[in-house]
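Below, each chain spelled out in residue letters.
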Amino acid sequence: QVQLVESGGGLVQPGGSLRLSCAASGITFSRYVMNWYRQTPGKERELVASISPAGSRINYADSVKGRFTISRDNAKNTVYLQMNSLKPEDTAVYYCNADHVTSPLEYWGQGTQVTVSS
C-alpha cells in the first residue's frame, strides 16, 4: 500500500519559517520525481517545487524562488520543503506528490495546512 504522509504544517506569523516533510512508503522512492503542490479554496492546485530522483534537478514556482528550498533523502524515503520568509499569500493546503519517471504512476498525500497570519 502506497502512502505519502505530510507533516510540519501549522500557523506561523509573516516572516516566519516552517519545514514540511513527506514520508513515502510502498514505492521505490528513488524512481520518483517528488513535487510539492499547494491549493487554496476556489483555485487550481499550484506546483510549488519539484526535485528529480537524484536531486540534481530542482525547479520552483516564481512566487517562492529564493524563499523555499526543496530537498530529499532517498535513504529515508522523505522529501522536505523548507519555507522561509513566509507571506500571508503562502497560506494553503500543501500536498506532496510522487510522479514516476517512466510510467503514469502518480500518488498524492493527504495534505497539510499552512496558515501565515499575524
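Let me sum up the structure you'll find in this document. Bear in mind that the values here come from a model prediction, so they are computed numbers and not experimental data.

Notes on the sheet that holds strand 7 (residues 68–73)
Taken together, the 4 strands give an open sheet; going across it, the order is 1-3-8-7, and neighbouring strands pair in antiparallel fashion. A single partner strand is all that each edge strand has here, and the edge strands are strand 1 (3–7) and strand 7. Averaged over all pairs of adjacent strands, the angle between their axes in this sheet comes to 15°, without regard to strand direction. As defined by bridge partners, strand 3 (residues 18–25) adjoins strand 8 (residues 78–83) across 6 bridges and the pair is classed as antiparallel. Residue pairing across strands places S21 opposite Y80, the latter belonging to strand 8.

A short note on unusual backbone geometry
Positioned with a positive phi, N77 is a non-glycine residue whose angle comes to about 55°. Mapped onto the elements, N77 comes out in the loop between strand 7 and strand 8. Of note in the backbone geometry, S85 takes a positive phi value of approximately 50° without being a glycine. Within the element layout of this structure, S85 appears in the loop between strand 8 and strand 9 (92–100).

Examining the pairing of strand 3
Pairing geometry for strand 1 and strand 3, over 5 bridges, is antiparallel. Its bridge partner being in strand 3, L4 is matched across the sheet by A24.

Things to note about the pairing of strand 11 (residues 112–116)
Alternating residues of strand 11 divide into T112, V114 and V116, all buried, and Q113 and T115, none buried. Here 3 bridges tie strand 2 (residues 10–12) to strand 11, and the two strands are oriented parallel to one another. Bridge pairing in strand 11 places L11 opposite T115. With 3 bridges connecting them, strand 9 and strand 11 associate as antiparallel partners. Following the sheet pairing, A92 is matched in strand 11 by V114.

Side note on the nonpolar core
In terms of nonpolar packing, the biggest core is built from 28 residues, with W36, V79, L81, M83 and Y94 touching the most fellow members. Among the secondary structure elements, those contributing two or more residues to this core are strand 3, strand 4 (32–39), strand 5 (46–51), strand 7, strand 8, strand 9 and strand 11.

Cut-offs used in this document
Residues numbered from 1 in each chain as written. Predicted model: local features only at pLDDT ≥ 70, side-chain atom pairs only at ≥ 80, totals over all residues. Heavy atoms only, no water. Pairing = 2+ DSSP bridges. Helix = DSSP H or I, 4+ residues; strand = E, 2+ residues; numbered from the N terminus. Axes fitted to C-alpha atoms, helices over the stretch in contact; angles between N-to-C directions. Buried < 20%, exposed > 50% of the residue type's maximum accessible area, 1.4 Å probe, protein only. Core = buried A, V, L, I, M, F, W, Y, C linked by side-chain atoms within 4.5 Å.

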